[in-house]
Structures are given as structure tokens and as C-alpha cells.
Amino acid sequence: MSALFPVIVHDVMPEGADCVRLRLAAAPGQEALPRFAPGAHVDVLTPAGLVRQYSLCNDADDPGFYELCIRREAASRGGSASLCSSVEKGMELHISPPRNAFALPSAQRHILIAGGIGITPLLPMMARLQRQGADWTLYYYTRKPDQAPFRDRLLAAPYGHHVHMATSLKQGYPAALACPAADTAIMLCGPDGFMQAVSSHAIATGWEAAQIHTEHFRPAEMAPDDGEQAFEVVLARSGQRITVPPDQSIAGALMAAGIAVSLSCEQGMCGACVVPLLAGDGTHRDMVLTEAEQASSIALCCSRARTPSITVDL
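Because the structure is a prediction, the values reported are computed rather than measured. (Residues numbered from 1 in each chain as written. Predicted model: local features only at pLDDT ≥ 70, side-chain atom pairs only at ≥ 80, totals over all residues. Heavy atoms only, no water.)

### Overview of the side chain of Thr-184
Rules: Numbering of helices and strands starts at the N terminus; helices are DSSP runs of H or I of at least 4 residues and strands are runs of E of at least 2. Exposure classes here rest on a 1.4 Å probe applied to the protein chains alone. A residue is buried below 20% of its type maximum, exposed above 50%, and partly exposed in between. What makes two residues a contact is simply this: any of their non-hydrogen atoms within 4.5 Å.
Summarising the element assignment, Thr-184 is placed in strand E10 (residues 184–189). In this structure Thr-184 comes out as buried when scored by relative accessible area, which is 6%. Every residue in contact with Thr-184, bar those within four places of it in the chain, is listed here: Ala-107, Arg-109, Ile-111, Trp-207 and Gln-211.

### Examining the environment of Gly-64
Along the chain, Gly-64 falls in the loop between strand E4 (51–55) and strand E5 (66–71). Among the residues examined, Gly-64 registers a relative accessible area of 48% and is labelled partly exposed. Expressed as a C-alpha distance, the spacing of Gly-64 and Leu-33, which sit 31 residues apart in the sequence, is 6.9 Å.

### Quick notes on helix H4 (residues 192–205)
Applicable threshold: Multiplying 1.5 Å by the residue count of a helix minus one yields the expected span of that helix. Note that the arc is defined by the directions from the helix axis to the C-beta atoms.
End to end, H4 covers 20 Å across 14 residues, agreeing with the expected 20 Å (1.5 Å per residue, within 8%). Among all positions of H4, only Asp-192, Phe-194, Met-195, Val-198, Ser-199 and Ala-202 are buried. Down the axis of H4, the sector holding all buried residues measures 160°, keeping them to one side. Check the buried side of H4 and you find it contacts strand E7 (109–115), strand E8 (135–141), E10 and strand E11 (212–215).

### A look at the pairing of E5
As a reminder, the rule being used: Here, any two strands with at least 2 DSSP bridges between them count as paired.
Summarising burial for E5: 5 of the 6 residues are buried, a large majority. Where strand E2 (residues 19–26) meets E5, 6 bridges bridge the pair, whose relative direction is antiparallel. Considered in E5, the bridge of Val-20 is made with Ile-70.

### Some remarks on the nonpolar core
Selection criterion: For the purposes of this section, nonpolar cores are sets of buried Ala, Val, Leu, Ile, Met, Phe, Trp, Tyr and Cys residues that join through side-chain atoms within 4.5 Å.
In terms of nonpolar packing, the biggest core is built from 25 residues, with Leu-112, Ile-119, Leu-122, Met-126, Leu-138 and Leu-154 touching the most fellow members. Those elements that place two or more of their residues in this core are E7, helix H2 (122–132), E8 and E10. In terms of residue count, the dominant contributor to this core is H2 (6 residues). In this structure, Ile-119 is in contact with Ala-114, Leu-138, Tyr-140, Phe-150 and Leu-154, ignoring residues within four places of it in sequence. By size, the runner-up hydrophobic cluster in this structure holds 23 residues, among which are Phe-231, Ile-250, Val-275 and Val-312.

### Looking at the sheet that holds E5
Each strand in a sheet pairs with another by means of backbone hydrogen bonds, the pair being arranged parallel or else antiparallel. We apply this condition: For every element, the axis is a line fit to its C-alpha atoms; helices are fit only across the contacting stretch, and the angle between N-to-C directions ranges from 0 to 180 degrees.
If you trace the 6 strands from one edge of the open sheet to the other, you get E4-E3-E6-E1-E2-E5, paired in antiparallel fashion. On the outer flanks of this sheet lie E4 and E5, each paired with one strand and no other. Between one strand axis and the next, the sheet turns by 45° as a mean value, whatever way the strands run. Both strand E1 (residues 5–15) and E2 contribute to a ladder of 8 bridges, which runs antiparallel. Bridged to Glu-15 within E2 is Cys-19. Across the sheet, helix H1 (residues 79–86) touches E2, strand E3 (41–45), E4, E5 and strand E6 (92–95), and the angle it forms with E5 is around 115°.

### Quick look at the sheet that holds strand E9 (residues 163–166)
Read from one edge of the open sheet, 5 strands run E9-E8-E7-E10-E11, paired in parallel fashion. Sheet topology places E9 and E11 at the edges, where each strand pairs with a single neighbour. On average, adjacent strands in this sheet sit at an angle of 15° to one another, irrespective of strand direction. Judged from the 6 bridges that link them, E7 and E10 form a sheet pairing that is parallel.

### Thoughts on the packing of aromatic side chains
The cut-off we apply is this: Centres within 6.5 Å are what make two rings of Phe, Tyr or Trp a pair, Trp counting through its six-membered ring; a difference in plane orientation under 30 degrees is then read as stacked, over 60 as edge-to-face, and the rest as tilted. Remark: a charge is flagged as sitting over a ring if the NZ atom of Lys or the CZ atom of Arg is within 6 Å of the ring centre and within 35 degrees of the ring normal.
Throughout the structure, instances matching the rule amount to 3 aromatic pairs. Relative to Tyr-66, the ring of Phe-36 lies with its centre 5.7 Å away and its plane at 85°, an arrangement referred to as edge-to-face. With a gap of 30 residues between them, Phe-36 in the loop between E2 and E3 and Tyr-66 in strand E5 connect regions that are remote in the sequence. For Arg-23, the ring lying beneath its charged end belongs to Phe-65, and the centroid distance is 4.2 Å.

Limitation: the analysis is restricted to geometry and does not speak to function.
See below:
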């Protein structure tokens, strides 16, 4: 995990029916907050002691503060619940510098598609594109549009005529997907099933997979595999060999052997634990690496080996 630094909670505001928006400012004596690009997220050490990732949802061209929007999760393990219920104005929190695995690409046109709280990383993109006078459209799917986070901002000038809201894909896929076009980027964020449906529809319609850029808030659900096998991880720099048992992650086995591993989400979503894969084949379970990247990299927190051993650049 990246080194954390202190910030002060400048304000705590309700956002829609089920979310809380936190405005964070630099701590006293601290230099300005690090700049970020649209699509970036930060790690947050929650009052519950858990580290969680949240997209920065304020204007990236206004570096004076950061804003995060946290949804109250009914099945929370304590992270989001503690941020929604325990954080108060003036409190100190610790966060990481911004990281970006969902950068806004250069394109002649941008189609932004959000499902639920997936709206958050798209907000800075929307602000940047509007400021640039770019050609962009937002499709926002949310079960209760009248109570949706950021509804008032999205439907007001200057954004309103760019924004389309719907309750579900049953009301129709984004109209802009009906006509595939070169030099158009699709920015897609939301629940896994929603994104899979939109991506499949776009590709079936004629869009290229490379035009579809996604951000996952949680890993796809996977059925437990009772047939997991032990395998060996070879550390290329030292030649050390570590056995990974069926019930332990690569990262867990390495740390148990005293090997330092960079961890953050531990769910294959952030890329903090990705290392070069030099030999062997991985069973990849992350949500950050492309298929091409998985041939030469592996996420240590969630992936396993398809071969009896793999060699990593550690």
C-alpha cells in the first residue's frame, strides 16, 4: 500500500438518499494536496481500521480539496459504515496519494456510462470535458433517479443537456452505442453485472473492446474452487522458492516468509500488488490487468498459478 498522509475533514454532507460526501483538505502545515487526473482514486484508512478505495469525484482542475462519495453499504464489513457514521468535520483521516487506473483517454468523442455509485469517477471527467468544449454524453443508470447522488448537479446547467438518466438497462441501452464510431472512447463504471451487460452489448453492436474503458468497485463474484492446488513461487532476484498452499494467497505466503509485498485493496481491484510474471502461467483473478498484460504480470493478492511454479520479479 502507498504511504498514507493526513488530511482534515473540511465538511461532511449528505449526497442523495444513501451516500455521504466528504470534503478533505490539507492538514495544517502540509503542502497542497497532490494534483490528480480524472478517474483517480485514493486509499482511505477508515475509522474501523480497514483500508478502502474511493474515487475522487470533485473537479480535478480545482486542486484545493478532494471529495469522496461513500455509499452506505447494507453488507458493509465496517469500512464504509464507519466513514458514513463516524467521520465528523475537523477529524483527521489518512489517505494515499492519488492513483489512476481509469485515465480519460484522448478521443474525438466520449460516452460516459455509470451504474449507481459508479458515477463518482465520471464526474471529474465530465467537468474536464465540459471545460474543454468536448463532445461528450453521460448515461446514468440508478434505481431511484429522484434520490440519486449528484442528481441536481447533473441536471443543471451547463451539464443538463448532456445527461440522460434511467432506472435500469431494461429501459434501453445508451442510445449513443447504437452507431459504433472510430475515435470514440466509452468510459464505463458500475456493478460488475451492469458493466458486463453494457460491454457485451457494445461489442455485439460493433464497438472494439479497446474503446471500452472500465473501473471496477469490487471484484467479480467467483465460485470457490475446491480443487485449488499448492504451487511454488520462485523469486527471480534471490532464487528463493516459496510454497503457496491451497488456502493461502501468493501475497499471504510471501509475507509469511518475510517477503515485503505492496498491498492495498487485497481484492484484485487496485493494482498495488501487481508484479512482473517472468515464467509460468497464472490463473488471473484481478480486475486491473488487460488480457495482454496478464501474460507478463500477476496480481499477488488474488491470482494463483496454472503451472506447478511461477517466477516473479521479486
